[in-house]
Amino acid sequence: IYAAGDVTGIAGIWPNAMKQGRIAAINMLGEKLIYDDRYALKNTVNFFGLTTLSLGNVNPKPEENCEILMREDRYNYQKVVIKNGIVQGVIIQGNIAGTGFWQYLIKNKIDVSGINKDVFSLSYADFYDQDQNTGEYRYAV
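Residues numbered from 1 in each chain as written. Predicted model: local features only at pLDDT ≥ 70, side-chain atom pairs only at ≥ 80, totals over all residues. Heavy atoms only, no water.

### Concerning the pairing of strand S5 (residues 86–93)
Regular strands show a simple pattern: their side chains alternate between the two faces of the sheet. Counted only if it meets this: For two strands to be treated as a pair, DSSP must find no fewer than two bridges joining them. Under the scheme used here, helices are H or I runs from DSSP no shorter than 4 residues and strands are E runs no shorter than 2 residues, and both carry numbers assigned from the N terminus.
By the bridge criterion, 5 bridges tie strand S2 (residues 50–56) to S5 in an arrangement that is antiparallel. Its bridge partner lying in S5, Leu55 is registered against Val90. Where strand S4 (residues 77–83) and S5 come together, 7 bridges link them in antiparallel fashion. Counterpart to Lys79 in the pairing with S5 is Ile91. Count of turn residues in the S4/S5 antiparallel hairpin: 2 residues, of which Asn84 carries a positive phi of about 50 degrees.

### Quick look at the pattern of salt bridges
As a reminder, the rule being used: Think of a salt bridge as a Lys or Arg side-chain nitrogen and an Asp or Glu carboxyl oxygen that are within 4 Å of each other. Residue burial is assigned from relative accessible area. The probe radius is 1.4 Å, only protein chains are included, and a residue is buried under 20% of its type maximum, exposed over 50%, and partly exposed in between.
Using the criterion set out here, one finds 2 salt bridges in the structure. The partner of Asp118 in a salt bridge is Arg71, and the shortest N-O contact between them spans 3.9 Å. Of this pair, Asp118 sits in the loop between helix H2 (101–107) and strand S6 (128–130) while Arg71 sits in strand S3 (residues 67–72), and the two are 47 residues apart along the sequence. For Asp118, a relative accessible area of 40% translates into the label partly exposed. Residue classification places Arg71 among the partly exposed residues on the basis of a relative accessible area of 38%. Asp126 is paired through a salt bridge with Lys117; the nearest N and O atoms lie 2.9 Å apart. Accessibility expressed as a relative area gives 37% for Lys117, which makes it partly exposed.

### Digging into unusual backbone geometry
Most peptide bonds adopt trans geometry, and most residues besides glycine take a negative phi value. In this structure, Phe48 is a non-glycine residue whose phi angle is positive, near 50 degrees. Tracing the sequence through the fold places Phe48 in the loop between strand S1 (42–47) and S2. Judged by relative accessible area, Phe48 falls into the exposed class, the value being 89%. With a phi angle near 50 degrees, Lys109 is a residue other than glycine that sits in the positive phi range. Counting through the fold element by element, Lys109 comes out in the loop between H2 and S6.

### Regarding the nonpolar core
Generally speaking, soluble globular proteins have nonpolar side chains that are buried together. This is how it is decided: The set of buried Ala, Val, Leu, Ile, Met, Phe, Trp, Tyr and Cys residues whose side-chain atoms join them within 4.5 Å is what this entry labels a nonpolar core. Throughout, a contact is declared for two residues whenever any of their heavy atoms are within 4.5 Å.
One finds Val80, Val87, Trp102 and Leu105 to be the most contacted residues of the largest nonpolar core, which totals 20 residues. Contributions of two or more residues to this core are made by S2, S4, S5 and H2. Ignoring sequence-local partners within four residues, the contact set of Trp102 consists of Leu55, Val80, Val87, Val90, Ile92, Val119 and Leu122.

Set out below in structure tokens:
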């Protein structure tokens, strides 16, 4: 039996599921690979209809000199903690669809300061592309 994604119980988000699917496919072809990416500093909960994603360091100490950005409206709250252009943590309440890329950014210490876009408008598409030679989809950073 081969498995990938939510059914594995390991941080069921798109980037992890994609990597798990690749490894499962290679194993189906006879090669023996192990999925060893256990980075899952993530928590999602749903209290009384308010869905919340908490990922990484969301409450830095003052001496850490982090920039804390917040945005909210009637239905959503977003907080992004950045230090030297690198996302340290996020809290997203309300609509958490499409938030899986944040884990990749934090885990891999991706510098977002050079992206000419509001941090709250970032998406998976900003960090993903297709290899021109193989057609394989992959993270661009």
